[in-house]
Amino acid sequence: MIAWQMLRFAVGGLAANKVRSALTMLGVLIGVASVILLLAVGNGSSVAVKESITSLGTNSLTVSSAASRGSATAAKKLTVEDAKALASATDAPAVKSVAPVVTTSGTALYGNISYQPGQIVGTYPAYFETANLKVDKGDYFSADDVLNSRKVAVLGATTAKELFAAEDPVGKRITIGGTPFTVTGVLKTKGSTGFNDPDDVVIAPLPTVQNAFTGFGSVNQILVQASSAEATTEAQADITRILMGTHALKDATKVDFRISNQTSLLTARESTTKTFTVLLGAVAAISLLVGGIGITNIMLVTVTERTREIGIRKALGAPRAVILGQFLAESTLLSVVGAGLGVLAGIVGSHFSVVGIKPVVIPESVLGAFAIAVAIGLFFGSYPANRAASLRPIDALRHE
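Residues numbered from 1 in each chain as written. Predicted model: local features only at pLDDT ≥ 70, side-chain atom pairs only at ≥ 80, totals over all residues. Heavy atoms only, no water.

**Describing the overall build of the protein**
Move 1: Secondary structure summary: the protein contains 13 helices and 12 strands in total.
Move 2: When each of the 400 residues of the protein is scored for burial, the buried share is 46%.
Move 3: As displayed, the protein offers around 19500 Å² of accessible surface, 61% of which is attributable to carbon and sulfur atoms. (Helix = DSSP H or I, 4+ residues; strand = E, 2+ residues; numbered from the N terminus. Buried < 20%, exposed > 50% of the residue type's maximum accessible area, 1.4 Å probe, protein only. Areas by Shrake-Rupley, 256 points an atom, 1.4 Å probe, with all protein chains shown as cover.)

**Some words on the confidence of the model for the protein**
Move 1: On average, residues of the protein score 80 in pLDDT, and 80% of them reach the 70 mark or higher.
Move 2: With pLDDT under 50 throughout, residues 68–73 is counted as low confidence; its partners more than four residues away or in other chains account for two contacts. (pLDDT = per-residue confidence, 0-100. Contact = heavy atoms within 4.5 Å.)

**Thoughts on helix α3 (residues 80–88)**
Move 1: Listed as buried for α3 are Val-80, Asp-82, Ala-83 and Leu-86. Looking down the long axis of α3, one finds its buried residues gathered within 155° of arc, a one-sided arrangement. Relative to its buried face, α3 has exposed residues pointing more than 90 degrees away, namely Glu-81 and Ser-88. (Arc of directions from axis to C-beta.)

**Here's the deal with helix α7 (residues 206–214)**
The α-helix advances 3.6 residues per turn, and as a result positions three or four apart in sequence lie on the same side.
Move 1: For α7, the complete set of buried residues consists of Leu-206, Pro-207, Thr-208, Val-209 and Gln-210.
Move 2: Considering only its buried residues, α7 is in contact with α3, β2 (95–104), β5 (119–123), α5 (143–147), β9 (179–187) and β10 (201–205).

**Topic: the pattern of salt bridges**
Move 1: In the structure shown here, the tally under the stated rule is six salt bridges.
Move 2: Across the pair Arg-241 and Asp-91 runs a salt bridge, and its minimum N-O distance is 2.8 Å. Of this pair, Arg-241 sits in helix α8 (residues 232–246) while Asp-91 sits in the loop between α3 and β2, and the two are 150 residues apart along the sequence.
Move 3: According to the relative accessible area criterion, Arg-241 is partly exposed, its value standing at 37%.
Move 4: Ionic pairing is found between Glu-167 and Lys-172, a salt bridge with its closest N-O pair at 3.8 Å.
Move 5: Residue classification places Glu-167 among the partly exposed residues on the basis of a relative accessible area of 34%. (Salt bridge = Lys/Arg side-chain N within 4 Å of Asp/Glu carboxyl O.)

Right, dumping it as structure tokens:
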């Protein structure tokens, strides 16, 4: 009965100052919604990166040059010959396919439409299977196209849409840097990770891209497909052995190339996104702290305004615990209502993409943000409540 009366008095006290109470709850709402939404963005980023990496296939390996790190040895960049050595090795059964890759940029023209794709890739047909790229329209280019340096290209879904809109690109001719390319196919959509668009790409035979853009020097990387996910470790050892031979290296600690598998990439990216999520959570937690300070200020003002009321109630026999409970109930009620609305706002907000990332709500963040907000209400409301309960009746009655 006493608890019910304290709650009723608390509701009445808050209702008497609707605007002030609403502003206080708004502060708590923003804090809780920020925690939920920002952690959801961090989690969504992590999920997007994981999907992007795993979409390459769990048996994919990427070989890149370590020459840029300034090794003490005579560092050698990766070449097409390195890729051919890997592909033709008879003592490397774990290596299923090999695709050297060069990348560049340029502006594509079709009719009066001009568009710059995110990336122009020169490679072998094995690249499509290794990178898990599926064709939606038309077909891939062939090994014969590579052998004869034909000017053909496969477009990513984004590039095809930008250049052709609703028109079928297959068989049409585009021009990149003055070189005409005939479109043989369009890839299925892979989806954006929020940081780049894997569908914004033009893929053409390696010799064609080298001849038109990059020259016949080194390649950016070599994409290798292991025979299975379980064979990636064996394939990595075979790659290291073969490339040490082509680069005339005898000391395994001084290799001028590095090999990344999807597991190592995923671990590195997850570590980065975890740090990013913690940073976002820390920023959002400041909003909760600001909301708590707001509760303290509002409750101190409330105690000051209601000093005479407190004096009358104490003079009529209201015990200290009742006064304390009433003001604690008011601060807690502000937190509970504000936190509840914040949870609702955070969940609703998570249905919208933020900077290209689809937020993924963490259930623990919802419960945690709500519980912390209520705890903050109790903590920051305890000082004003204790101050009200400690007033002497005679002093309170004299207050103007």
